[in-house]
Amino acid sequence: MRKSSKQFETEAIRTQMERTQFLEHSSPMYLTSSFVFEDAEDMRASFAEEKDRNIYSRYSNPNSSEFIDKVCKMEGAENGFAFASGMAAVYSTLAALLESGDHVVSCKSIFGSTHTLFTQFFPKWNITTSYFGANDLDAVEGLITPKTKIIYVESPTNPGVDVLDLERLGNIAKKHGVIFIIDNCFASPYLQQPIKFGADLVIHSGTKLMDGQGRVLAGITVGSNELVDKVYRFSRITGPALSPFNAWVLSKSLETLALRVDRHCSNALELATYLEGHDKIEWVKYPFLKSHPQHELAKKQMKAGGCVVAFEVKGGLEAGRKFFDNIELLSLSANLGDARSIVTHPASTTHSKLSKEDRESVGITDGMVRVSVGLEHIKDIIADIEQALE
Ligand SMILES: Cc1ncc(COP(=O)(O)O)c(C=O)c1O
């Protein structure tokens, strides 16, 4: 584990690549596709992996390594690999570990593109998936077969913000000798470190809270040396690597992750509390609201509730459409974890590829609204939602 005695915020700022001869304070950007060798022997030894050094930016780059080092320290992981997007991380991690005939046990409530990967693409390679509901962990062991290689989850889930018991899942995975993978991007490493609860690999879409300003696409997978090595060997050949420029942006962003996420969470809790008492709202869900079904579990696993609040406007789809059309300040967009607050309609956007039945089985109703609560002043966020509801 890349552990240290320093606090999260300090590591986020002080984990840094070696200084060059210019003694720069902030890390420079290495926009180079390849690296040079001293001589023929250096070249041979580098390719034979007798030396730990950069060869080609599809394999590694100082900016990606700095970003990976930070996330490993934050998550308590041994090693990692950085990807061009969250989906590149999800796909490459799974593809590196799965073989034809393997089976995955996945929570039903997962990001739409990951769901499409399981339902439309993996079956082409004879990889099958069985699903359990976010509130039905009793079903997990019954789905495991001798072919099961991976248990896959997100927590909190997208977009319904259900919270899964990670320690329980970690114990099940250990008992059955399967790999436990979690997409942790709704929480960020600041709020939740799943390796503590038994996860083997942790995936993030860096596009979300890690960047936090809606600028770059990125992904990362971290975990044990043994599993990450498999992911690395697959990825250095297939080429989903993160660009050095985006890695530099992300490493800078992580310096302020704790500060930003604290404000996202306090704003989100204030909005959720306001909506809970509102006569135009059918229901509201947020992990740190007492009314959330897994509130106690959320408090055990997470430092705070995250940036996403889910709710339904009374009056169903039509009322929901009017609400979106009336929004003025907040952005109608599909991202989350941005400094700008964003409202999304999951049924027609992020989860539109799922059938209506599949959507309803994971609690995505036609009128559901997902708000990614940003860093604007909470009074302005609430005022915009208030006027849109009126
Ligand atoms: C939970 C979750 N995982 C993965 C992704 C994919 O990330 P990216 O858009 O960076 O490919 C998303 C994107 O919205 C997401 O919400």
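This text follows the structure it describes.
Residues numbered from 1 in each chain as written. Predicted model: local features only at pLDDT ≥ 70, side-chain atom pairs only at ≥ 80, totals over all residues. Heavy atoms only, no water.

J.: Any details on the pairing of strand β12 (residues 368-372)? Residues and values, ideally.
T.: Judged by how many residues are buried, β12 sits mostly within the fold: five of five residues are covered. In β12, alternate side chains face the same way, and those of Met368, Arg370 and Ser372 on one face and Val369 and Val371 on the other are all buried. The pairing of strand β9 (residues 308-313) with β12 spans five bridges and is classified as antiparallel. Bridge pairing links Val309 to Val371 in β12. (Buried < 20%, exposed > 50% of the residue type's maximum accessible area, 1.4 Å probe, protein only. Helix = DSSP H or I, 4+ residues; strand = E, 2+ residues; numbered from the N terminus. Pairing = 2+ DSSP bridges.)

J.: Which residues make up the site of the ligand, and what are the values?
T.: In the vicinity of the ligand, the contacting residues are Ser85, Gly86, Met87, Phe111, Glu154, Asn158, Asp183, Cys185, Ser205, Thr207, Lys208 and Ala218. In the model, an oxygen atom of the ligand is placed 2.8 Å from a nitrogen or oxygen of the Gly86 main chain. Within the contact set of the ligand, an oxygen atom lies 2.8 Å away from a backbone nitrogen or oxygen of Met87. Starting from 390 Å² of accessible surface for the ligand in isolation, the protein chains cover 91%. In terms of residue class, the shell around the ligand is made up of four nonpolar, five polar and three charged. (Near = heavy atom within 4 Å. Polar contact = N/O pair within 3.5 Å; in protein donor to acceptor, adjacent residues only side chain to side chain. Areas by Shrake-Rupley, 256 points an atom, 1.4 Å probe, with all protein chains shown as cover. Nonpolar A, V, L, I, M, F, W, Y, C, P; charged D, E, K, R; others polar.)

J.: So what's going on with the pairing of strand β2 (residues 103-107)? Which residues, and what values?
T.: Buried residues dominate β2, accounting for five of its five residues. A two-sided burial pattern is seen for β2, the buried positions comprising His103, Val105 and Cys107 on one face and Val104 and Ser106 on the other. Across five bridges, β2 lies against strand β3 (residues 128-132) in parallel orientation. Within β3, the position partnered with Val105 by the bridge is Ser130. Traced from β2 through helix α5 (residues 112-121) to β3, the parallel crossover comes out right-handed. Sheet topology note: the β2/strand β4 (residues 148-154) ladder contains four bridges and is parallel. Of the residues in β4, the one forming a bridge with Val104 is Ile150. (Right-handed = clockwise from strand over helix to strand, strands pointing away.)

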